[in-house]
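Listed here are the chains, written in short residue letters.
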Amino acid sequence: MSIVVERVSKKFGNFQALEDININVESGKLVALLGPSGSGKSTLLRTIAGLEIPDTGSIVINGQDTTYLDIRKRNIGFVFQHYALFKHLTVRQNIAFGLEIRKTPRQAIKRKVDELIELVQLRGLGDRYPNQLSGGQRQRVGLARALAVDPQVLLLDEPFGALDAKVRKELRDWVRRLHDEVHLTSIFVTHDQEEAMAVADEIVVMNHGRIEQIGSPDEVYENPATPFVMSFVGEVNVLRNARSLLSNAYLSSSSSPVYIRPHDIDIDTFPHPGSVSTMLVRIIPIGWEIQLELQIEENFTIAAQINREQLNQLDLQVGQQVYLKPRNVKSFPEFAHSSQQHFTSVNVK
């Protein structure tokens, strides 16, 4: 079931929530709407669901124009961030709710609920109430309830946001496996870049109500279209005055900022041609990965990333002089004076 969003705009008073949005979601794809708070991703999801009506543009689901279609006739499954389960109903009753509203025969309801309890791995928990379940289990009930009515598409609004980090990772991996099994066209909203990269077939990066880039996780990460995408998807160092640091071979002819991912920096204890002398001021272990904070000038640090084996081989110590050399440098001269430079980044000169 494909979803086509064409030239959709939406205002709330004077606030432009969505502006000229165009998306084509192919049947069976799992797509992430990724962006910071206020970027318009949840508004877009709600507009596709029929919870909001666009000011302009159209939404077509499986060839049918649903722009102004009653939400009850859209056959869409919606999963909320905070579960939205009925506290006085058991797991079985929550999952069956939509089927009962549709007056589905009792035996058909039982078969469907049994099937979904197995699918979402909640066997033996059907008679429990929501307050007797963990956060991850409650979210699975919400997902099963959305799937019970055999929706054309599945929409998930920050489905993992209310969970702790470990459960969030487990559930997102499970959702990816579930999607591979059922192949239901799905769109989920997230502000977590790692989550989008791990789960989605395609990522729609949004900012200030507009689409910055659409592409696969690899395309968005390796070939960002704008400075915002470069800085929002993955960690990055932004150097606004890089000529004192890097040779001209790395730089464009413009004065636009230069972007370097921490893992694209080589570190050594001896100088090499083109390397820059720095002072190691902090070592931050993050499991196997190690982040280094390197001071180049007063009040100017840059982040580099190595692994634990490299740390041991180099025998690095705080206060030591080390040398860095970038392997991959990006710049966006066409955006040098653009409003799209309003982004969050780290280590800004």
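Colleague: What exactly am I supposed to notice about the side chain of threonine 190 here?
Modeller: Within the element layout of this structure, threonine 190 appears in strand 8 (residues 186-190). At a separation of 2.9 Å, a polar atom in the side chain of threonine 190 contacts the main-chain amide nitrogen of aspartate 192. Residues within four places of threonine 190 in sequence aside, it is in contact with Leu33, Leu34, Gly35, Lys41, Glu158, Glu195 and Ala196.

Colleague: I tried to follow a nonpolar patch on the surface on my own but got confused; where do I start?
Modeller: A contiguous nonpolar patch, built from Leu51, Ile71 and Phe80 and spanning about 230 Å² of accessible area, is present on the exposed surface. Structurally, isoleucine 71 can be placed in the loop between strand 5 (64-65) and strand 6 (76-79). With relative accessibility at 40%, the residue isoleucine 71 sits in the partly exposed group.

Colleague: Please clarify how the packing of aromatic side chains should be interpreted in this entry.
Modeller: Geometrically, a pair of aromatic rings is defined through the distance of the ring centres and the angle of the planes. Summed over all chains, the structure comprises four aromatic pairs. Look at phenylalanine 78 and phenylalanine 80: their rings are 4.7 Å apart centre to centre, the planes differ by 40 degrees, and that puts the pair in the tilted class. Judged by relative accessible area, which is 15%, phenylalanine 78 ranks as buried. Note on phenylalanine 80: relative accessible area 34%, which makes it partly exposed. Plain terms: the ring middles of phenylalanine 228 and phenylalanine 232 are 5.3 Å apart, the flat faces sit at 10 degrees to each other, and that makes the pair stacked. Linking phenylalanine 228 with phenylalanine 232, this pair stays in helix 8 (residues 227-232), spanning four residues, or about one helical turn.

Colleague: Help me understand the packing of helix 2 (residues 91-101) against helix 3 (residues 106-119) in this model?
Modeller: When two helices pack together, their arrangement is given by the angle between their axes and by how far apart the axes lie. Following both chains from N to C, one finds helix 2 and helix 3 inclined at 135 degrees, their axes separated by 10 Å at the closest point. In terms of orientation, helix 2 and helix 3 fall into the oblique class. Of the two elements, helix 2 crosses helix 3, and the hand of that crossing is right-handed. Taking contact as the criterion, the partners of Arg92, Ile95, Ala96, Leu99 and Glu100 in helix 2 are, on helix 3, Ile109, Lys112, Val113, Asp114, Leu116 and Ile117. For the contact of helix 2 with helix 3, the per-class residue count stands at seven nonpolar, no polar and four charged.

Colleague: Any chance you could explain the nonpolar core here in plain terms?
Modeller: In a soluble, globular protein the nonpolar side chains are often hidden away together inside. Counting 46 residues, the largest nonpolar core has Ile95, Leu143, Leu147, Leu154, Ile203 and Val233 as its most contacted members. One finds Leu44, Ala49, Ile61 and Phe78 within the second-largest nonpolar core, a separate group that totals 23 residues.

Colleague: What exactly am I supposed to notice about the environment of leucine 33 here?
Modeller: If you trace the backbone, leucine 33 turns up in strand 3 (residues 30-34). Residue leucine 33 is classed as buried on the basis of its relative accessible area, which comes to 1%. Taking the C-alpha atoms as reference, leucine 33 lies 4.8 Å from valine 189; in sequence the two are 156 residues apart. The contact partners of leucine 33, leaving out residues within four places of it in the chain, are Ile23, Lys41, Leu44, Leu45, Ile187, Phe188, Val189, Thr190 and Val204.

Colleague: I would appreciate a short explanation of the pattern of salt bridges in the present structure.
Modeller: Pairing is possible between side chains of opposite charge, provided their charged atoms come close. As enumerated under the stated definition, the model contains 16 salt bridges in all. Note that aspartate 114 is salt-bridged to arginine 92, the shortest N-O span being 2.6 Å. Within this pair, whereas aspartate 114 is found in helix 3, its partner arginine 92 is found in helix 2, the two being separated by 22 residues in sequence. By relative accessible area, which is 29% here, arginine 92 ends up partly exposed. Here aspartate 180 ties to arginine 176 by a salt bridge, and the two come within 2.5 Å at their closest N and O atoms. Linking aspartate 180 with arginine 176, this pair stays in helix 5 (residues 165-182), spanning four residues, or about one helical turn. Salt bridges here are not isolated pairs; linked through shared partners, they connect Arg92, Lys110 and Asp114.

Colleague: Explain the pairing of strand 17 (residues 321-326) here, please?
Modeller: A regular strand places its side chains so that they alternate between the two faces of the sheet. Taken together, the four bridges between strand 13 (residues 265-268) and strand 17 define a ladder with antiparallel strand orientation. Along strand 17, the bridge assignment pairs isoleucine 267 with leucine 324. Here four bridges tie strand 14 (residues 276-286) to strand 17, and the two strands are oriented antiparallel to one another. Each bridged residue has a counterpart across the sheet, and for serine 277 the counterpart in strand 17 is tyrosine 323.

Colleague: I would appreciate a short explanation of the side chain of threonine 278 in the present structure.
Modeller: With respect to the secondary-structure elements, threonine 278 resides in strand 14. Classification of threonine 278 as buried rests on a relative accessible area of 3%. Other than its neighbours up to four places away in sequence, threonine 278 contacts Leu294, Gln295, Ile296, Gln320, Gln321, Val322 and Leu324.

Calculation criteria
Residues numbered from 1 in each chain as written. Predicted model: local features only at pLDDT ≥ 70, side-chain atom pairs only at ≥ 80, totals over all residues. Heavy atoms only, no water. Helix = DSSP H or I, 4+ residues; strand = E, 2+ residues; numbered from the N terminus. Polar contact = N/O pair within 3.5 Å; in protein donor to acceptor, adjacent residues only side chain to side chain. Contact = heavy atoms within 4.5 Å. Patch = residues over 30% accessible without salt bridge, like charges linked within 9 Å, V, L, I, M, F, W, Y side chains within 5 Å. Areas by Shrake-Rupley, 256 points an atom, 1.4 Å probe, with all protein chains shown as cover. Salt bridge = Lys/Arg side-chain N within 4 Å of Asp/Glu carboxyl O. Buried < 20%, exposed > 50% of the residue type's maximum accessible area, 1.4 Å probe, protein only. Phe/Tyr/Trp six-rings, centres within 6.5 Å; stacked < 30°, edge-to-face > 60°. Axes fitted to C-alpha atoms, helices over the stretch in contact; angles between N-to-C directions. Parallel < 35°, antiparallel > 145°, perpendicular 65-115°, else oblique. Left-handed = near helix turned anticlockwise from the far one by under 90°. Nonpolar A, V, L, I, M, F, W, Y, C, P; charged D, E, K, R; others polar. Core = buried A, V, L, I, M, F, W, Y, C linked by side-chain atoms within 4.5 Å. Pairing = 2+ DSSP bridges.

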